[in-house]
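Descriptive analysis of the structure
Letter by letter, the chains look like this.
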Amino acid sequence: MSEPVLTRPIKRLLFVCVENSNRSQMAEAFARIHGGERIESYSAGSFPSGRINPKAIESMKEIGYDLAQHESKSLSDIPDIEFDFVATMGCGDACPFVRARRREDWNIPDPKEMSPEEFRAVRDLIETKVQATIALLSEARP
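Read on for a plain summary of the structure.

What counts, and where the lines are drawn
- Residues numbered from 1 in each chain as written.
- Predicted model: local features only at pLDDT ≥ 70, side-chain atom pairs only at ≥ 80, totals over all residues.
- Heavy atoms only, no water.
- Buried < 20%, exposed > 50% of the residue type's maximum accessible area, 1.4 Å probe, protein only.
- Helix = DSSP H or I, 4+ residues; strand = E, 2+ residues; numbered from the N terminus.
- Arc of directions from axis to C-beta.
- Contact = heavy atoms within 4.5 Å.
- Polar contact = N/O pair within 3.5 Å; in protein donor to acceptor, adjacent residues only side chain to side chain.
- Phe/Tyr/Trp six-rings, centres within 6.5 Å; stacked < 30°, edge-to-face > 60°.
- Pairing = 2+ DSSP bridges.
- Axes fitted to C-alpha atoms, helices over the stretch in contact; angles between N-to-C directions.
- Parallel < 35°, antiparallel > 145°, perpendicular 65-115°, else oblique.
- Left-handed = near helix turned anticlockwise from the far one by under 90°.
- Nonpolar A, V, L, I, M, F, W, Y, C, P; charged D, E, K, R; others polar.

A few words now on helix α2 (residues 54-61). Note that an α-helix has 3.6 residues per turn; residues three or four places apart therefore point the same way. Within α2, the full set of buried residues consists of Ala56, Ser59 and Met60. The buried residues of α2 occupy an angular sector of 95° when the element is viewed end-on, so they sit on one face. On its buried face, α2 sits against α1 (23-35) and α3 (116-139). The opening residue of α2 is asparagine 53, an N-cap whose side-chain oxygen sits 2.8 Å from the backbone nitrogen of lysine 55.

Have a look at this one:
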């Protein structure tokens, strides 16, 4: 007889910033890249711009991810569920309450007007934070 396979439930992550055009989009992408089938990733903006910043698209293209396939979304566009983790980035009081088991405010500057080098540094910081979050959630019990 074979041993039963123990599977962990899929973790649902939400990343929120103001415009949903840079930081939260990249965080959603990194959660997809590093979380695989273990993660369901969403992003939204408190005041979405309606477009993804071309700098974000180019920055993610440099590492082989096509961010052009994403859409800028409002919080009303995401499922009304309890998330395992919500990260807010720079929206302060404009980030309405979203049900979450764990919540963090990531103090990450908006790279919208930054040089390409500074933009990459923000992208890499977001990747590091997403990887740490996935590792933390992987250790947590359901």
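Next comes the rest of the description.
Taken as a whole, this structure holds three aromatic pairs when the rule is applied. Pairing phenylalanine 15 with tryptophan 106 gives two aromatic rings, centres 5.8 Å apart and planes at 45°, and the pair type is tilted. Of this pair, phenylalanine 15 sits in strand β1 (residues 11-17) while tryptophan 106 sits in the loop between β4 (103-105) and α3; the two residues are 91 residues apart in sequence, bridging distant segments of the chain. For the residue pair phenylalanine 15 and tryptophan 106, the accessibility class agrees, reading buried in each case. With 5.9 Å between their ring centres and 45° between their planes, phenylalanine 85 and tryptophan 106 make a pair best called tilted. In this pair, phenylalanine 85 sits in strand β3 (residues 85-89) while tryptophan 106 sits in the loop between β4 and α3, placing the two residues 21 residues apart along the sequence.

With that out of the way, let us pick up the sheet that holds β4. Read from one edge of the open sheet, four strands run β2-β1-β3-β4, paired in parallel fashion. Two strands close off the open sheet at either side, each with one partner strand: β2 (39-45) and β4. On average, each strand axis in the sheet is inclined to that of its neighbour by 15°, with strand direction left out of account. Relative to β2, β1 runs parallel, the two being bridged by seven bridges.

Running from N to C, α1 and α3 cross one another at 50°; their axes reach a closest spacing of 9 Å. When the interaxial angle is binned, α1 and α3 end up oblique. The chirality of how α1 crosses α3 is right-handed. Mapping the contact onto sequence places Arg23, Met26, Ala27, Phe30, Ala31, His34 and Gly35 in α1 and Phe119, Arg123, Ile126, Glu127, Val130, Gln131 and Ile134 in α3. Among the residues forming the contact of α1 with α3, the class breakdown is eight nonpolar, three polar and three charged.

Glancing now at the packing of α2 against α3. Two elements in contact, α2 and α3, have axes whose closest approach is 10 Å; the angle formed by their N-to-C orientations is 70°. By the angle between their axes, α2 is roughly perpendicular relative to α3. Crossing angle aside, the handedness with which α2 passes α3 is right-handed. Of the residues in α3, those touching α2 at Lys55, Ala56, Ser59 and Met60 are Phe119, Arg120 and Arg123. In the contact of α2 with α3, the residues fall into three nonpolar, one polar and three charged.

Take it as geometry only, folks, not as evidence of what the structure does.
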